[in-house]
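Structure at a glance
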Amino acid sequence: MSQNELYLPSAAWQAQANVKGMAGYNALVAEAEADYQGYWARLAREFVTWQTPFTKVLNDSEAPFFKWFEDGRLNVSYNCLDRNVERGLGDKVAIIFEADDGSSSKVTYKELLGRVSQMANVLKARGVKKGDRVVIYMSMSVEGVAAMQACARIGAIHSVVFGGFSAQSLRDRVQDAGAVMVITADEQLRGGKALPLKAIVDEALDGGSCPTLKDVIVYQRTGGKIGWVEGRDHWLHEEMAGKSEVCEPEWVEAEHPLFLLYTSGSTGKPKGVQHSSGGYLLHAALTTKWTFDLQDNDVFWCTADIGWVTGHSYITYGPLALGGTEIVFEGVPTYPDAGRFWQTIAKHKVSIFYTAPTAIRSLIKAAEGNAAVHPDRYDLSSLRLLGSVGEPINPAAWEWYHKHIGGGRCPIVDTFWQTETGGHMITPLPGATPLVPGSCTLPFPGITTAIVDEMGNDVPNGQGGILVVKKPWPSMIRTIYNDPERFKKSYYPEELKGYYLAGDGAIRDAETGYFTITGRIDDVLNVSGHRMGTMEIESALVSCTELVAEAAVVGRPDDTTGEAICAFVVLKRARPTGDEAKAIAKQLRDWVAKEIGPIAKPKDIRFGDNLPKTRSGKIMRRLLRSVAKGEAVTQDTSTLENPAILDQLSEAN
Ligand code: WT7
């Protein structure tokens, strides 16, 4: 890679950035190398306000269950709200809410503190205590963010479930978390349509399936008709009426869980990733400051949903901890048309914009098809920094994003991280790192990512391997809720020398040492930046016991969504063809949508009399991946009982 393939930060950018130039970056890396704990302790004192200062930094005596800043006490909501009001930012806009219909409203820090405190008092009045779990199943709204902050304020542990998940998925999460309360909305507005939320909550909680659950709090968004269970259901506005706008924060230990967030793994059951209060808040704030270079006058917009970790770290916590101004967007990128993002950037003078490659790719297509929604027609001059997250960004999409959205002047931070990592792990710092399209570049200062082989030995640059993190870091996953053994097995397998296993493959450039992520090495798919377990989809399919005998799910590359879900299905009846096959494929897609959620619907469904298996009966997934891609099969097929099934499985429906 030669220097002229790199995009260098301008001198002006370097001069104003929170981390200035590679000299700034290198100094931080050197500080962390020289005194790892001292480095994190310094930052934890700078970025977090402690009610009781910590004296211990890292406790690794029960590795891999690490503890950070364990004798310190803090409150995350105090750090995001009260602290900013005390600093004189009470009248500063915290959130600009951009509604689906294009109307917008603003909330200041003082107002947000009042609202969160009132909501916290609602939870307390309903008996929610420190350590109780509260599930939030909400639309994108100020109330959604406030509900999370209200939990943090009283030390309750929130678990946000993305509003696109089905009743069954919601029930699984409420049960696993043992939640005492669900906070939801009557309906959510997306693309001009009202979609149910409360009705799905009702279905999830039906028939006493969740015995720990006592109350459902309902935010009225649309006023649409909903069912009501007396005694269990309560309107948020009625509960808030008359409640005090003051609520003393509950000071919790640094290790007190702030939230659980369920994510897909390589087995059928989603895992409840548990995060801490102190270490998590530190990294959310620190990465917002260094990766996004957040400054006083910025208008920050992260387009993620609060149902994903990106929304947690870069909507609810990071930007608010720094006293920033941010957009909370209710709608979808294509409503009223595919210019919505660009129009919204112009309208609110957004200066930092963070979105997913899949959105960029679909908006490129839309702009190519319709000049009216081409970004060049909008005033995007307020932008100074762009970000990408969730999946690898292909160089063509990167170049388009850089040129048409960033006007050639905005650095792009391609941030690699995971639900489990809490915040950015490998990312450029915009005033420092020379950029290479398609590479997430270098580790965040203090993060010890490396590439190793199956035995945990370092591999030289230029040679691919397994991505690991060598040392524990403050915002790391603490455990899998209810399943510490699975936590150990999934992230700290014995052969890896005590390194954290990310689950991705990666390669470092021979010359620059830059990282490029080559994709998951486990049975996890990434569809439009959404993480899906193949086993999860398989178990959803085979749970359709009337129809399905067996199913195997693999990913295949897709131009827009990155990966697409491809399901191979053996029915309990003769293999269907033609219109019948199409009808059954639709039935199965709808089934999966009902079991997991629409995001898990297989794009391709193929029927066979059987699945290709080895002599010992294992499904030949690698072969299925070739078939899904439409590649010629090069694997040994001599063990197949019925080679003709490969032709059957190549037919899409
Ligand atoms: C997986 C984590 C990070 C928050 C959103 C997704 C993939 C994420 C990148 C990137 C290449 C990326 C990885 C990772 N991924 N960011 N910049 N470049 N791949 O969080 O649902 O926990 O998924 O997303 O495969 O392991 P998640």
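Along each chain, the written sequence defines residue order, and numbers are assigned to residues from 1. Totals for whole chains, interfaces and linings use all residues, but because this is a predicted model, local features are given only for residues with pLDDT of at least 70 and pairs of side-chain atoms are given and counted only at 80 or more. The basis for every side-chain value is the complete set of non-hydrogen atoms in the structure, without hydrogens or water.

1. Digging into the pairing of strand β28 (residues 548-558)
For each residue, the accessible area found with a 1.4 Å probe, counting protein chains only, is set against the maximum for its type, and the residue is called buried under 20%, exposed over 50%, and partly exposed in between. Numbering of helices and strands runs from the N terminus, with a helix taken as a DSSP run of H or I at least four residues long and a strand as a DSSP run of E at least two residues long. Burial within β28 is extensive, with eight of its eleven residues counted as buried. Sheet topology places β28 next to strand β29 (residues 562-571); ten bridges connect them, and they run antiparallel. When the sheet's bridge partners are listed, glycine 555 is paired in β29 with isoleucine 565. Two strands make a pair as long as DSSP finds a minimum of two bridges between them. What sits between β28 and β29 in their antiparallel hairpin is a turn of three residues.

2. Topic: the sheet that holds strand β21 (residues 449-452)
Taken in spatial order, the four strands of this open sheet run β21-β22-β24-β25, and their pairing is antiparallel. The sheet is open, and its two borders are formed by β21 and β25 (515-520), each paired with just one other strand. Strand after strand, the sheet turns through a mean of 45 degrees between neighbouring axes, direction not considered. Of the pairings in the sheet, the one linking strand β24 (residues 500-508) to β25 comprises five bridges and is antiparallel in character. Note on β25: the bridge partner recorded for isoleucine 507 is threonine 516. Axis definition: a line fitted to C-alpha atoms, limited for helices to the stretch in contact. Angles are taken between N-to-C directions and run from 0 to 180 degrees.

3. Let's talk about the sheet that holds strand β4 (residues 93-98)
If you walk across this open sheet you meet the seven strands as β5-β4-β17-β16-β18-β19-β20, and the pairing is mixed. Looking at strand neighbours, the two that pair on one side only are β5 (104-108) and β20 (412-415), the edges of this open sheet. Across this sheet, the average inter-strand angle for adjacent strands is 20 degrees, counted without regard to direction. Two strands pair when backbone bridges link them, and β4 and β5 are joined in this way by five bridges, in the antiparallel orientation. Looking at β5, one finds that phenylalanine 97 is bridged to serine 105. Seen against the sheet, helix α12 (residues 340-348) touches β4, β5, β16 (299-302), β17 (325-329) and β18 (352-355) and runs at an angle of roughly 140 degrees to β4. We call two residues in contact when some of their heavy atoms are within 4.5 Å.

4. Focus on the UniProt feature "binding site: ATP" (unreviewed entry) in the protein chain
UniProt positions are given in the numbering used here, feature names are shortened, and annotations may be inferred rather than shown by experiment. UniProt's feature table lists "binding site: ATP" (unreviewed entry) at Gly390, Glu391, Pro392, Asp414, Thr415, Phe416, Trp417, Gln418, Thr419, Asp504, Arg520 and Arg531, given in the numbering used throughout. Along the polypeptide, glycine 390 turns up in the loop between β19 (385-389) and α14 (395-405). The contacts of glutamine 418, once residues within four sequence positions are left out, are Val309, Tyr500, Ala502, Asp504 and Arg520.

5. Considerations on the side chain of serine 169
Topologically, serine 169 is positioned in helix α7 (residues 167-177). Between N or O atoms, a polar contact is any pair within 3.5 Å; within protein, one atom must be a potential hydrogen donor and the other a potential acceptor, and residues adjacent in sequence are included only when both atoms are from side chains. Separated by 2.9 Å, the side chain of serine 169 and the backbone oxygen of isoleucine 596 make a polar contact. Serine 169 has contacts with Glu595 and Ile596, leaving out every residue within four places of it along the chain.

6. Observations regarding the nonpolar core
We call a set of buried Ala, Val, Leu, Ile, Met, Phe, Trp, Tyr and Cys residues a nonpolar core when their side-chain atoms join them within 4.5 Å. Within the largest apolar cluster, 168 residues are counted, with the highest numbers of intra-cluster contacts made by Trp40, Phe69, Trp290, Val569 and Leu588. By residue number, the principal contributor to this core is helix α6 (residues 142-154), which donates nine residues. Among the nonpolar cores identified, the runner-up in size contains 29 residues, and Phe329, Val350, Leu383 and Ile412 belong to it.

7. Points about the site of the ligand
As a structural note, the neighbourhood of the ligand is formed by 17 residues, with Asp414, Thr415, Thr419, Asp504 and Arg531 the closest of them. Between the ligand and aspartate 504, the relevant distance is 2.4 Å, taken from an oxygen atom to a side-chain nitrogen or oxygen of the residue. All accessible-area figures derive from a Shrake-Rupley calculation using a 1.4 Å probe, and residue coverage is judged against the displayed protein chains alone. Here the ligand has 560 Å² of accessible area as a free molecule, and 95% of this is covered by the chains. Elements with a minimum of two residues in the shell around the ligand: α11 (309-321), β20 and β25. Taken together, the residues of the shell around the ligand break down into six nonpolar, six polar and five charged. A single heavy atom is enough: if one lies within 4 Å of a molecule or strand, its residue is considered near that molecule or strand. When residues are grouped by polarity, Ala, Val, Leu, Ile, Met, Phe, Trp, Tyr, Cys and Pro land in nonpolar, Asp, Glu, Lys and Arg in charged, and all others, Gly among them, in polar.

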